[in-house]
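Structural features, examined
Take a look at the letters that make up each chain.
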Amino acid sequence: MKSLYKLLIFLFIFLPSTITTIHANEIFKHLNIDNGLAHTDANCLAQDSTGLIWIGTFAGLQSYDGYTLETFDYYPQGHKVYESHNRIRAIVCNKNRMWLGTESGLTCFDLNTHRYIPYYIEDEKLSIQLRATVTDLFIAPDGCHLWIRTPQEIIAVQAQNDTLSPMKWDSEADRIFCKGISDIQFQGKTAWASSGWHIMRLSIENGRIALLTAYYKTYDRRAGRGAVHCMKIAGGEILYDSR
């Protein structure tokens, strides 16, 4: 008992100072154009299964291993669509593939060879849709469902290796109601999505999407907040930020 008492006194006296020292000695590295960042605007980040960090900028894709930055251009300098394909707005990693949302549409990157690769679309309408500027990307934990946000709509596709096929909605009314989705969080076969003043519960099964419930977010006059900005699932609860 006496030994335990001494240990508790030691932890009480010395542990806080140790924690303070650790925080004081932490080193933060700032990446900018002076040490290799391709552009002043780094718009998105992702980490692959090997721990490598990927950065999407308005001047191309870069990897960062904690020491050096390496740039991967979609086209050589001078190509007529070089600029727009290298203006990256969103990235998500999916096993050995990385999907990138650019101002020229959706592109695919092989995480094994570190090269851009072609992908195949099983629908003509979808092919046209994916040429628009992609502003955000969401991928389900199983890697099979990719959600693509453009300025006009949200597009849901099934991703099988290098092939994309459109997912079907249970009704056209559901699809139109969900066009403005801005954030998605996945919970098994259920997706929770936010769209302005609504939080929606969607079912994803057998390649089909159904709108199960839509909850309306009322305006908080005291806080001066209303529309849902972003969400997070924690402990079975939906946490959200409103503006």
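Keep in mind that what you see is a predicted model, and the values were worked out from it rather than measured.

The next subject is the overall build of the chain. When helices and strands are counted, the chain shows four helices and 20 strands. Relative to its 243 residues, the chain shows a buried fraction of 38%. Partitioning the contacts of the chain with sequence separation of at least 6, the portion at a separation of at least 24 is 40%. For the chain, the accessible area works out to roughly 14600 Å², and carbon and sulfur atoms hold 52% of it.

Reading across from one edge, β14-β18-β17-β16-β15 is the order of the five strands in this open sheet, with mixed pairing throughout. The sheet is open, and its two edges are formed by β14 (168–169) and β15 (183–187), each paired on a single side. Of the strand pairs in this sheet, β14 and strand β18 (residues 208–216) are connected by two bridges, and their pairing is parallel. If you follow K168 over to β18, its bridge partner there is R208.

Now for the sheet that holds strand β8 (residues 115–117). As a general point, the strands of a sheet are linked pairwise by backbone hydrogen bonds and lie either parallel or antiparallel. The four strands are arranged β5-β6-β7-β8 in an open sheet whose pairing can be described as antiparallel. Because the sheet does not close on itself, it has two edges, and the strands there are β5 (88–94) and β8. With strand direction ignored, the average angle separating the axes of adjacent strands in the sheet is 30°. Alignment of β5 against strand β6 (residues 97–102), held across six bridges, turns out to be antiparallel. What sits directly across from C93, in β6, is M98.

One ladder, built from eight bridges, connects strand β17 (residues 198–205) with β18; its direction is antiparallel. Across the sheet, H198 pairs through a bridge with Y216, a residue of β18. Hairpin connection, β17 to β18: the antiparallel pair is bridged by two residues, and N206 has positive phi, about 55°.

In this section: the pattern of salt bridges. A full pass over the atoms with the stated rule returns eight salt bridges. Measuring nitrogen to oxygen at the nearest pair gives 3.5 Å for the salt bridge that ties R149 to D136. Note that R149 is positioned in strand β11 (residues 145–149) and D136 in strand β10 (residues 136–139), a separation of 13 residues in sequence. Among the ionic pairs, R175 bridges to E153, the shortest N-O distance being 3.7 Å. Of this pair, R175 sits in helix α4 (residues 172–177) while E153 sits in the loop between β11 and β12 (154–160), and the two are 22 residues apart along the sequence. Looking at E153, the relative accessible area reads 14%, which means it is buried.

On to the confidence of the model for the chain. Of all residues in the chain, 73% attain a pLDDT of 70 or more, and the chain-wide mean is 78. Across residues 1–22 the pLDDT falls below 50, and counting only partners more than four positions away or on other chains, this stretch makes two contacts in the model.

Here the focus is the layout of surface pockets. By volume, the largest pocket is sized at about 310 Å³. In terms of lining residues, the largest pocket is bounded by 15 residues, among which K125, Q129, M167, W169 and R175 are the most central. Those elements that provide at least two residues to the lining of the largest pocket are α3 (124–129), β12, β14 and α4. Of the residues assigned to the lining of the largest pocket, the class counts are seven nonpolar, two polar and six charged.

Reading the values: rules and limits
Residues numbered from 1 in each chain as written. Predicted model: local features only at pLDDT ≥ 70, side-chain atom pairs only at ≥ 80, totals over all residues. Heavy atoms only, no water. Helix = DSSP H or I, 4+ residues; strand = E, 2+ residues; numbered from the N terminus. Buried < 20%, exposed > 50% of the residue type's maximum accessible area, 1.4 Å probe, protein only. Contact = heavy atoms within 4.5 Å. Areas by Shrake-Rupley, 256 points an atom, 1.4 Å probe, with all protein chains shown as cover. Pairing = 2+ DSSP bridges. Axes fitted to C-alpha atoms, helices over the stretch in contact; angles between N-to-C directions. Salt bridge = Lys/Arg side-chain N within 4 Å of Asp/Glu carboxyl O. pLDDT = per-residue confidence, 0-100. 1 Å grid on protein atoms, 1.4 Å probe; cavity = no way out; pocket = protein on both sides within 12 Å on 5 of 7 lines; lining within 4 Å. Points joined across faces, edges and corners; volume = space filled by probe spheres on them. Nonpolar A, V, L, I, M, F, W, Y, C, P; charged D, E, K, R; others polar.

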